[in-house]
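Fold and contact review
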Amino acid sequence: MRTGKEAGRPSRNFAGDNLHTLTITHKLLSFTGTAVDAIEDACAESWIVEPALKQRVQPSIYLPGDLDRVTDAIEFSNLPQEMEYLTAEVRNHAATVAYRFRNVSVVEGGLYSGRWRERLMTRAKAEADNGPEKRMRSGVVACSWTGNHFFGHWITDDLTLHLAAEEIGHPFILKRKPYLHEPGYRRLLNIWCDQVACTRFDEVVVLRDFGQNAYKRKRYEILRNRLKDQFRLRRAKRVLLRRGSLGVSREIVNNSEFETFLIAHGFDIVDPEKLTPSEIIEQTMGAEVVIGVEGSQIPHALLTMADKGVLCCLLPPFRFVNTFKGYTDCLGMRYAMLVGHAAPGGLRIDLDDLGRLLEKIDTELARQ
């Protein structure tokens, strides 16, 4: 356990009793260089919940020529980093660390404590609360910036974060509009917590929980087992998860031929946007192979597919990303990817390439 630089003296919010002026005050602190940015310096104390993990991982499954078509990485990343995710034999997963703060205010999508701020969503996305200011004694943050903006990260980051938060104290999330499937998953997984907007806390714990370490795997398994207890394994073992239209468009321009090819190879087509969480789970539970364009619909499968299944992401060459490799490594699954061909309006999937990749996947499954 360690203490931050601000420990030992009161952590006060400089805007007095008006929470809505905290955003302006923090801008002034930032402008004058007196804001505290590092969470380690701002907290009252911190401790390691789960140590970092160095893990030898299974190789990705892909066609060698695919990497020659890659032209750019996803925004907020870069090609060397994404190539490392794909090809590394050993992965280093960060520790899970808890930070305790005194006198914390939640307003307009951010946490404020003294000279420190943690923004968990944009002000535009944060749901306004024009009612009276609320007071709470303590709480543990059970949401993240990524989970508040992307449904897929809500599944992979925030559901697991909730399980960690409830072991420490009283979980809470920032108030916002729920995702399409969020209420159904909360009911099925029995995950509930307070939603707060304009609130003062005497004490708040913030978790840094990015690493796919052993504690993260334990929590993934808790979620998966809660669903296994409610749904039977299905007969179909291969599933295509359609991306849908709610997210950023990543259209397969030869989609009709693509889906016909997969159906002929034993795949069922699952369209999450047209289904309830229960229906999605019923149609994906125990699947050995799940394929789909990389995006927020893919994490549905992480909760339901076979323990040693293969998750295959279809990637545009101009948006190369292998985030799901970390999740599959954590869960002991296999990761596969296929780079499509850039085409007007989206990407084109070469069916010969797809056939060769499916053969490689079948070979790897047979070895298990």
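All residue numbers refer to position in the chain's written sequence, counted from 1. Given that the model is predicted, a residue must reach a pLDDT of at least 70 before its local features are reported, and side-chain atom pairs must reach 80 or more before they are shown or counted; all residues, however, enter totals for whole chains, interfaces and linings. Note that water and hydrogens are dropped before the side-chain values are worked out from all heavy atoms of the structure.

1. Focus on the side chain of Thr-96
What counts as a helix is a DSSP run of H or I of at least four residues, what counts as a strand is a run of E of at least two, and both are numbered from the N terminus. Looking at the element boundaries, Thr-96 is found in strand β4 (residues 96-107). Of note is the side chain of Thr-96, whose polar atom sits 3.0 Å from the side chain of Asn-213. When sequence neighbours within four positions are dropped, the list of residues in contact with Thr-96 reads Trp-47, Ile-48, Val-49, Glu-50, Leu-207, Arg-208, Asp-209, Asn-213, Tyr-215 and Arg-219. Pairs of N or O atoms within 3.5 Å make up the polar contacts considered here, provided that, within protein, one atom can donate a hydrogen while the other can accept it, and that residues adjacent in sequence are counted only when both atoms are side-chain atoms. The criterion used for residue contact is that any of the two residues' heavy atoms lie within 4.5 Å.

2. Brief notes about unusual backbone geometry
Even without being glycine, Phe-76 reaches a positive phi, approximately 70°. In this structure, Phe-76 sits in the loop between β2 (53-56) and α3 (79-87). Each residue is assigned to one of three classes by its accessible area relative to the maximum for its type, calculated with a 1.4 Å probe on protein chains only: buried under 20%, partly exposed between the two thresholds, exposed over 50%. By relative accessible area, which is 85% here, Phe-76 ends up exposed. Of note, Glu-108 is a non-glycine position whose phi angle comes to about 50°, a positive value. If you trace the backbone, Glu-108 turns up in the loop between β4 and β5 (110-113). With a relative accessible area of 22%, Glu-108 lands in the partly exposed category.

3. Description of helix α5 (residues 151-168)
Given the number of residues in a helix, its expected span is that number minus one, multiplied by 1.5 Å. Relative to the 26 Å expected for 18 residues at 1.5 Å per residue, α5 spans 25 Å between its end C-alpha atoms, a close match to the ideal helical length. Within α5, 14 of the 18 residues are buried, which leaves it mostly tucked inside the rest of the structure.

4. A closer look at the sheet that holds strand β14 (residues 310-315)
The pairing of strands in a sheet comes from backbone hydrogen bonds and takes either a parallel or an antiparallel form. Here, strands pair whenever DSSP counts at least two bridges between them. Read from one edge of the open sheet, 5 strands run β12-β11-β13-β14-β15, paired in parallel fashion. Each edge of the open sheet carries a strand with a single partner, namely β12 (268-270) and β15 (334-339). On average, each strand axis in the sheet is tilted by 20° relative to the strand beside it, whichever way the strands run. Across 5 bridges, the pairing between strand β13 (residues 289-293) and β14 is parallel. Bridge pairing in β14 links Val-289 to Val-310. Angular values range over 0 to 180 degrees, each being the angle between N-to-C directions of two axes fitted as lines to C-alpha atoms, with helices fitted over their stretch in contact.

5. As for the side chain of Thr-304
By secondary structure assignment, the location of Thr-304 is in the loop between α10 (299-302) and β14. Within the structure, Thr-304 has its side chain in polar contact with the side chain of Thr-284 (distance 2.8 Å). From its side chain, Thr-304 meets the backbone oxygen of His-300 in a polar contact 3.4 Å long. Discounting chain neighbours no more than four positions away, the residues touching Thr-304 are Arg-224, Leu-227, Ile-281, Thr-284, Met-285, Gly-286 and Ala-287.

6. Examining the pattern of salt bridges
Any Lys or Arg side-chain nitrogen located within 4 Å of an Asp or Glu carboxyl oxygen qualifies as a salt bridge. Within the structure shown, the criterion is met by 28 salt bridges. With a shortest N-O distance of 2.9 Å, Arg-176 and Glu-182 are connected by a salt bridge. Of the two residues, Arg-176 and Glu-182, both sit in the buried class. With its nearest N and O atoms 2.8 Å apart, the salt bridge here joins Arg-224 to Asp-307. Of this pair, Arg-224 sits in helix α7 (residues 214-228) while Asp-307 sits in the loop between α10 and β14; the two residues are 83 residues apart in sequence, bridging distant segments of the chain. Accessibility expressed as a relative area gives 1% for Arg-224, which makes it buried. Using a relative accessible area of 42% as the deciding quantity, one classes Asp-307 as partly exposed. One continuous salt-bridge network, built from bridges that share partners, spans Arg-217, Glu-221, Arg-224, Lys-228 and Asp-307.

7. Describing the packing of α5 against helix α6 (residues 182-189)
Close contact between α5 and α6 brings their axes to 12 Å; oriented N to C, the two are set at 25°. Accordingly, the angle class assigned to the pair α5 and α6 is roughly parallel. The handedness of the crossing between α5 and α6 is right-handed. Contacts between α5 and α6 involve Phe-151, Trp-154, Ile-155 and Leu-159 from the former and Glu-182, Tyr-185, Arg-186 and Leu-189 from the latter. For this scheme, ten residues count as nonpolar: Ala, Val, Leu, Ile, Met, Phe, Trp, Tyr, Cys and Pro. Four count as charged, namely Asp, Glu, Lys and Arg, and the remainder, Gly too, count as polar. Here the residues of the contact of α5 with α6 are counted per class, giving 6 nonpolar, no polar and 2 charged. For classification, angles of less than 35 degrees are called roughly parallel, those exceeding 145 degrees roughly antiparallel, those between 65 and 115 degrees roughly perpendicular, and all remaining angles oblique. If you view the pair so one helix is near and one far, a crossing is left-handed when the near helix is turned anticlockwise from the far one by less than a right angle, and right-handed when it is turned clockwise.

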